[in-house]
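Survey of secondary and tertiary structure
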Amino acid sequence: MPSELKTPVNRGTKFLLALGCTVVVVGGLKLAADLLVPIVLAFFLSVISLPILRWLRSKGVPRFPAVFLTVIVGLGILSPVVFIGLNMVTEFQNNFDTYNEGLTKKAAEFQEWVGKTLDYEMTIDTEKVISTIQSSVFNFIGGAAGFLKDFTFVVILMIFFLSEAGGFSRKLIAIRRANGPDFAAFTETAKDVQKYLGIKTLISFITGILAAAVTGWLGLEFALLWGMVAFIFNYIPAIGSIIASIPPTLLALVDKSPGTALAVLIGFLIINMILGNFVEPMLLGRRFGISTAVVVLSVVFWGWLWGITGMFLAVPLTMLLKVTLNDSDEFKWFAVFLGSHDPEQGNQSNEVDGTS
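One structure accompanies this document, and this report is about it. (Residues numbered from 1 in each chain as written. Predicted model: local features only at pLDDT ≥ 70, side-chain atom pairs only at ≥ 80, totals over all residues. Heavy atoms only, no water.)

1. Observations regarding the overall build of the protein
- Per the secondary structure count, the protein includes 15 helices and zero strands.
- Considering the protein as a whole, with its 356 residues, one finds that 35% of them fall into the buried category.
- Excluding contacts between residues fewer than 6 apart, the proportion of contacts in the protein whose partners are at least 24 apart in sequence is 71%.
- About 21000 Å² of surface is accessible on the protein, with carbon and sulfur atoms providing 67% of the total. (Helix = DSSP H or I, 4+ residues; strand = E, 2+ residues; numbered from the N terminus. Buried < 20%, exposed > 50% of the residue type's maximum accessible area, 1.4 Å probe, protein only. Contact = heavy atoms within 4.5 Å. Areas by Shrake-Rupley, 256 points an atom, 1.4 Å probe, with all protein chains shown as cover.)

2. Re the nonpolar core
- If you look at the biggest cluster of nonpolar residues, it comprises 45 residues, and the most contacted ones within it are Phe44, Trp226, Trp306 and Leu317.
- Elements represented by at least two residues in this core include exactly helix H2 (33–58), helix H8 (184–217), helix H9 (223–233), helix H10 (240–255), helix H11 (258–284), helix H12 (292–312), helix H13 (314–326) and helix H14 (332–338).
- Broken down by element, this core gets its largest block of residues, seven residues, from H12.
- Those residues in contact with Phe44, other than ones at most four positions away along the chain, are Val193, Leu197, Leu313, Pro316, Leu317 and Leu320.
- One finds Leu41, Ala42, Leu53 and Val154 within the second-largest nonpolar core, a separate group that totals 14 residues. (Core = buried A, V, L, I, M, F, W, Y, C linked by side-chain atoms within 4.5 Å.)

3. Brief notes about the environment of Thr260
- Along the chain, Thr260 falls in helix H11.
- According to the relative accessible area criterion, Thr260 is buried, its value standing at 16%.
- A C-alpha to C-alpha distance of 9.1 Å links Thr260 and Leu220, two positions 40 residues apart in sequence.
- If near-sequence neighbours (up to four positions away) are discounted, Thr260 is found in contact with Leu218, Leu220 and Ala252.

4. Observations concerning the environment of Pro258
- By the element assignment, Pro258 lies in helix H11.
- Accessibility expressed as a relative area gives 54% for Pro258, which makes it exposed.

5. Description of the side chain of Asn272
- As for its placement among the helices and strands, Asn272 is situated in helix H11.
- Those residues in contact with Asn272, other than ones at most four positions away along the chain, are Thr207, Asn234, Ser241 and Asn277.

6. Overview of the packing of H12 against H13
- As a packed pair, H12 and H13 sit with axes 8 Å apart at the nearest point and diverge in direction by 110 degrees. One finds that H12 runs roughly perpendicular with respect to H13. When the axes of H12 and H13 are compared, the crossing they make is right-handed. Residue-level contacts link Val294, Val295, Ser298, Val299, Trp302, Trp306, Gly310, Met311 and Phe312 of H12 to Ala314, Val315, Leu317 and Thr318 of H13.
- Here the contact of H12 with H13 is built from residues that sort into 10 nonpolar, three polar and no charged. (Axes fitted to C-alpha atoms, helices over the stretch in contact; angles between N-to-C directions. Parallel < 35°, antiparallel > 145°, perpendicular 65-115°, else oblique. Left-handed = near helix turned anticlockwise from the far one by under 90°. Nonpolar A, V, L, I, M, F, W, Y, C, P; charged D, E, K, R; others polar.)

7. Describing unusual backbone geometry
- Although it is not a glycine, Phe222 adopts a positive phi angle of roughly 60 degrees.
- Within the element layout of this structure, Phe222 appears in the loop between H8 and H9.

8. With respect to the packing of aromatic side chains
- Overall, the coordinates contain seven aromatic pairs when judged by the stated rule.
- An angle of 85 degrees between the planes, with centres 5.7 Å apart, marks the rings of Phe231 and Tyr235 as edge-to-face.
- Using a relative accessible area of 22% as the deciding quantity, one classes Phe231 as partly exposed.
- Between Trp302 and Trp306 the ring centres are 5.6 Å apart and the planes differ by 45 degrees, which places this aromatic pair in the tilted class. With Trp302 and Trp306 both in helix H12, this residue pair falls four residues apart, about one helical turn. Trp306 matches Trp302 in its accessibility class, with the two residues each being buried.
- Here the aromatic cluster, defined as three or more aromatic residues joined through ring pairs, consists of Phe301, Trp302, Trp304 and Trp306.
- The lysine or arginine in question, Lys30, covers the ring of Trp304, its NZ or CZ lying 4.6 Å from the ring centre. (Phe/Tyr/Trp six-rings, centres within 6.5 Å; stacked < 30°, edge-to-face > 60°. Lys NZ or Arg CZ within 6 Å of the ring centre and 35° of its normal.)

9. Re H10
- With 16 residues, H10 should reach 22 Å at 1.5 Å per residue; the first-to-last C-alpha distance of 24 Å fits that figure.
- For H10, the full list of buried residues reads Gly240, Ser241, Ala244, Ser245, Pro248, Thr249, Leu251, Ala252 and Val254. (Expected span 1.5 Å × (residues − 1).)

Next comes the structure, spelled out in structure tokens:
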């Protein structure tokens, strides 16, 4: 076609087209959540399990026995935790009526105290509060049941992912030699994700132990359950630790006293302040090129998109998204927005992104 007949596409039109495609992709990801979430979960569980597989291979164990041993070790760790957690949640649910009465009584006492002390008539809808708490417990149990339903599929996918892990790097090199895209940035990001998930697991484990110790020392029931809740929700950046502190604080308020509830809350805050603000950043080094505000927004976005699993994997998914957008002409600016470094730093950006 002659050059004079070509219609130039301006930058704004290209951006709108790319934005429309993005909306379609996001909608597709949400609609296909039932299929994609187990696949993504299996992928990240495989990333966490890779060190075990590599250690077994270094000891001379053949590939397929090493893969099965890796999966068995993972199941051996995860299965008792899930079993104990579900049993304790069920026991807590059976005692819910007793806690309802205690919460109603405490709410009435608090309203009376506010009326006498502040001369203000305050009304607390205890039924609404109780129904909200109860629905949260049911949602947790339902989510755990849904996870167990897809667990077999996740395990099968893990076996395939781990079986292909050894030749994955060679495949990327072969793709580049065949004039395909260069996935070097994804390889580096995968290493960062592995480091992030490994350190996050260690910090979450320590958080769970300390939370169980604090609640047990203060005489709360189901101390082991609160430790497991702290372990699980610590994977959710920024807001997970806050969510984990709410149930034991309410239980202490209902079953013990306001002083005990305050002690539980302070204990959780100290644990998360020390581990989250000092130990975890020290082990992680840099923030993996994602700003703190973006971390919070990513939890909201991925939680809306893929539920609780999306919230758990918000940071790794955002790291991969950032690398993808960095290779796009239309959305490279958004990758810069996601980053934590100052664009004026120039050559220091690689170091801040954790890819040095």
